[in-house]
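Overview (structure and organization)
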Amino acid sequence: MTNASLAVTAMDSGTVMMQDLLLDALEDLGEDEFEKFKFKLRTTVAPGSKNIPLGRLEKAKREVLVELLVEFYEDKAAAMMVTVFEDIGLKYSASKLIKAVGKRMQGYKKKYAENIMEEYQLTEDRNSLLGENTPLNKRYIELLIIKKHRSQKHREHELSATGRLHMEILENNSSQYLSTDIESLFEPDESRITPRTVVLQGPAGIGKTMTVRKIMLGWAAGELYSDVFDYVFCFNCRALSLFEEPSSLVDLIVEQCQDIYAPVKEILTHPEKLLFIIDGFDELHCFLKPEGDNFCDDPYSKMSVEVVLSSLLRKKLLPQSYLLITTRPGAAERLQGFLKFPRFTEILGFSEKGRHEYVLKFFEDERKANIALRFIENTIAVSTICFIPMVCWIICSVIKVELETEEEIADTLDTTTKVFVQFSHSLLKHDCKTQKIPALKEFRKLCSLARDGILEQKILFEEQDIKKHGLDASSLKDLFLDRRMFKKGISQHNLYSFLHLCFQEYFAAMWYILQDESTGELEKNMEDLKRLLVEHEKPGNEHLTLTVCFIFGLSSGKVCTFLEQTLQCKTSDLVKPLLLQRAEEVAAENPPRKGHCLLRFFHCLFEIQESEFAKRVMNHFQIIDLSFNTLSVLDCRVLAFCLQHSAIKDHSIDVTFCRLTSHHIRALAPGIKNCSVLEFGSNRIGNSGVKALCDILKETGCNVTTLNLDENYLTDACIQELCAVLSTSHTLDSLSLQDNSFTKVSLPFIQHLIETCTSLTLLRLGGNNFGDKGKKLLNEQEKKITQSGRRFLLWM
């Protein structure tokens, strides 16, 4: 059955059901009352309707009169009958009919709400298998929503801030620009004006559709707008854009109801109690035109979906109804041409608390959730973009699969680059359900804009920049760019940006990876890359650091294969040799790098995930000094990767005062086997960190010569295992355990270590709580060992 026939059937069946109610009311009347009713009906006027001709009315039996009432008064028939009943003193009959009509409507409203509950209570992830679904309330997290436009200056700060600072700016913006929530979208403003149209905008992946689903479910459950709206209908614009046959608003409502007996006439009787949600205005492929006389004001008129929607938006159709429209910012200006005094709202994304809550809800397992949260929080670029719900979903989905078979995250998301690749691929995959994947040339246009912006330190682009790079008609513009309108004097102007500066840096890096077909251009690109690799290391060029890191990551063999398969394009095979050449030049520098400068270089080696790179350069970094720099868990994973694939086995690492915890020690595990000197002093490793270190040393054979664990909040609880592991070492020369909380309880284990580890020549134990008696015992043991001819020094 077509949409049109569904609507007609619904209209007919609704009329039949109403006729039954009217007939029941007339059959309750006696003959005198019935004749009195007909007599009064002759002179009662219904606004906008013609009276029943006298000749047809006089001889009409009850059944015929019902048909006449519906024919002449249509949806006002019941109200007309109530008015006449009251006028002739039949108060009880009037009250009974009102109750019957109300009961019928309430019964259908309940049925419709139940259908909506069934449709929206479950949600499927994009990678769900057959039968896999999740209760929406278990996945939905409240998002930051504002109802005031941000200034250009604030937008620039938000785009360029990273990590915790970015989250703080988002949360501050939420309060500064009039924070709101889905419960308050239609509440009166400070002028006590209630908006009839609300626009909810936000970039791709920010949670607009999930918010709509939550609104639908909340209304159906009686938790949201239950006293405000009798019915809420949701029209998906992607689906509407596929409509070819003429349709009416009634057709769309019937399809939404999925019920040929829907009482559409009665539903439309009170338009002020209806909410229409238009989800994804930007997906209507630009066919709507706000101007012109082509509109309809009759919900039963069959016209193109373009005209029906345009009329609804322009308030030509059901002007008293309410609208909620979701859109990407790029379509907001086009939308503005349709609307009368809309309320602006914008989804900013997750708050820090919301992100944490989302991950916990997703896993329903605290251990796994904490692994995901550590991954997010310890990777600055990733934590920055995790205000976007889709990014959180991608990270959680991949980690969940990996943790089903592993204890820690494997290699699907082990680099920052892979997170960005997965996110951009997910956006493309979703957007290309109805469109083809854009050609390589289109991607290079987007990447060219990003690259020029990075080199010029420009994050907001004007219309002329978009045209210059040939993006004015590109589908990628609306997918990856965020278009905003800002005030400029007494006028307005549009500016574009990527979702965040991190995304701009990612696409700028991709410009060097996606192969240009022109040989001349290819050579020029490689020369540009050579200059970039040198320039980014100079003081004042820190803005180029992440772009270079992405270039290394995008050159990884696995990533290139993935890009070629998903984008159906060729990646350049000239980039990797250039990167290796530059890595060897950096490694050969004298004096060698240290601190943050060295760590940034290691991050590049880590992103490319090519063991050959590490093998070729790590022999130049026998001594690695990162002391007095705060290290993240990711930094430790980066260091471990470089050490793990080094050709030499006796590295010395100094991570003194780097704020390390047990999580950092576990992250370092794969690289410790190639280290002989471990300077871990002045951190927060604690007993659990020592246990992790002992597990690593047992597994690798404990070839350490120097171990410094000074000032690490260690207690007697860890000393037995530590001494037992170190006792087996044939290489340990120096051990430092100063300024911890060891007591006389630890003495037997320390004494056993001194006795059995014959390679140990220096032991520092100052700043502990052994007491005078304990110190005396240790000094006596030192004296006994030195008298035996073995070189040994105890530092108390």
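The structure this text deals with has already been given above.
Residues numbered from 1 in each chain as written. Predicted model: local features only at pLDDT ≥ 70, side-chain atom pairs only at ≥ 80, totals over all residues. Heavy atoms only, no water.

**Re empty space enclosed by the protein**
As a reminder, the rule being used: Cavities and pockets are defined on a 1 Å grid built over the protein atoms alone: a cavity is a set of grid points where a 1.4 Å probe fits but cannot escape, while a pocket is an open set with protein on both sides within 12 Å along at least five of seven lines, and lining residues are those with an atom within 4 Å of any such point. Grid points are joined across faces, edges and corners, and a volume is the space filled by probe spheres set on the points. Secondary structure is summarised from DSSP: a helix means a run of H or I of at least four residues, a strand means a run of E of at least two, and numbering begins at the N terminus for each. Under the convention adopted here, Pro, Cys and the residues Ala, Val, Leu, Ile, Met, Phe, Trp and Tyr are nonpolar, Asp, Glu, Lys and Arg are charged, and Gly plus all remaining residues are polar.
Enumeration over the complete set of coordinates arrives at five cavities of 30 Å³ or more. In this structure, the largest cavity encloses a volume near 100 Å³. Taken together, 15 residues make up the lining of the largest cavity; nearest its centre are Arg 155, Glu 158, Phe 387, Arg 484 and Leu 499. Every element with two or more residues in the lining of the largest cavity is listed here: helix 8 (152-160), strand 9 (343-349) and strand 10 (481-488). When its residues are assigned to classes, the lining of the largest cavity shows seven nonpolar, two polar and six charged. Here the second largest cavity defines a volume of roughly 80 Å³. Every residue lining the second largest cavity is listed: Val 421, Ser 424, His 425, Leu 428, Phe 443, Tyr 506, Phe 507, Met 510, Phe 562, Leu 563, Thr 566 and Leu 567. For the lining of the second largest cavity, the elements supplying multiple residues, two or more each, are helix 20 (416-431), helix 24 (501-513) and helix 27 (557-567).

**Some thoughts on the sheet that holds strand 4 (residues 179-180)**
Convention followed: At least two DSSP bridges between two strands are required for those strands to pair. Whether two residues are in contact is decided by their heavy atoms, any of which lying within 4.5 Å being enough. Angles run from 0 to 180 degrees between N-to-C directions of axes, and those axes are lines fitted to C-alpha atoms, restricted for helices to the stretch in contact.
In space, the seven strands of this open sheet follow the order 4-3-9-5-8-7-6, with mixed pairing throughout. The open sheet has two free edges, formed respectively by strand 4 and strand 6 (231-236), since each of these has just one partner strand. As paired elements, strand 5 (residues 197-201) and strand 9 share four bridges and run parallel to each other. Of the residues in strand 9, the one forming a bridge with Val 198 is Arg 343. Where helix 9 (residues 163-176) meets the sheet, its contacts fall on strand 3 (144-146), strand 4 and strand 9, and the angle it forms with strand 3 comes to roughly 40°.

**A word on the packing of helix 29 (residues 595-608) against helix 31 (residues 633-644)**
This is how the line gets drawn: Angular relationships are summarised with four words: roughly parallel below 35 degrees, roughly antiparallel beyond 145, roughly perpendicular across 65 to 115, and oblique for the angles in between. Should the near helix be turned anticlockwise from the far one by less than a right angle, the crossing is left-handed, and should it be turned clockwise, the crossing is right-handed.
At a minimum axis separation of 9 Å, helix 29 and helix 31 run at an interaxial angle of 70°. The orientation of helix 29 relative to helix 31 falls into the category roughly perpendicular. The hand of the helix 29/helix 31 crossing is left-handed. Judged by residue contacts, Leu 599, Phe 602, His 603, Leu 605 and Phe 606 of helix 29 engage Leu 634, Asp 635, Arg 637, Val 638, Leu 639, Phe 641 and Cys 642 from helix 31. Taken together, the residues that form the contact of helix 29 with helix 31 break down as nine nonpolar, one polar and two charged.

**A word on the layout of surface pockets**
Here the second largest pocket is characterised by a volume of approximately 1200 Å³. Those elements giving two or more residues to the lining of the second largest pocket turn out to be helix 9, helix 16 (352-363), helix 18 (380-385), helix 24, helix 26 (545-554), helix 28 (575-587), helix 29 and helix 31. Per element, the largest residue contribution to the lining of the second largest pocket is eight residues, and it comes from helix 29. Its residues assigned to classes, the lining of the second largest pocket shows 20 nonpolar, 15 polar and 13 charged.

**Let's talk about the pairing of strand 6**
Rules: Using a 1.4 Å probe on the protein chains alone, a residue whose accessible area is under 20% of its type maximum counts as buried, one over 50% counts as exposed, and one in between counts as partly exposed.
With five of six residues buried, strand 6 is to be regarded as a mostly interior element. In this sheet, strand 7 (residues 274-279) lies alongside strand 6 in parallel orientation, the contact comprising six bridges. Paired with Tyr 231 across the strands is Leu 274, a residue of strand 7.

**Focus: the packing of helix 32 (residues 662-672) against helix 33 (residues 686-700)**
Two numbers describe how helix 32 lies on helix 33: the axes approach to 8 Å, and their chain directions differ by 10°. The angle between the axes of helix 32 and helix 33 places the two elements in the roughly parallel class. Classified by chirality, the crossing of helix 33 by helix 32 is right-handed. Residues Ser 662, Ile 665, Arg 666, Ala 669 and Ile 672 of helix 32 form the contact with helix 33, whose participating residues are Ser 688, Gly 689, Ala 692, Leu 693, Ile 696 and Leu 697. In terms of residue class, the contact of helix 32 with helix 33 is made up of seven nonpolar, three polar and one charged.

**Comments concerning the nonpolar core**
This is how it is decided: By nonpolar core is meant a set of buried Ala, Val, Leu, Ile, Met, Phe, Trp, Tyr and Cys residues that side-chain atoms within 4.5 Å join together.
With 232 residues, the main nonpolar core has Phe 233, Phe 276, Phe 602, Ile 624, Phe 680, Leu 707 and Leu 709 as its most contacted residues. Ranked by residues supplied to this core, first place goes to helix 24 with eleven residues. In this structure, Leu 709 is in contact with Phe 680, Ile 685, Val 690, Leu 693, Leu 714, Leu 722, Ser 736, Leu 737, Gln 738 and Asn 740, ignoring residues within four places of it in sequence. Ranked by size, the runner-up nonpolar core spans 32 residues in total, among them Leu 23, Phe 37, Val 82 and Leu 97.

Geometry only, nothing functional implied.
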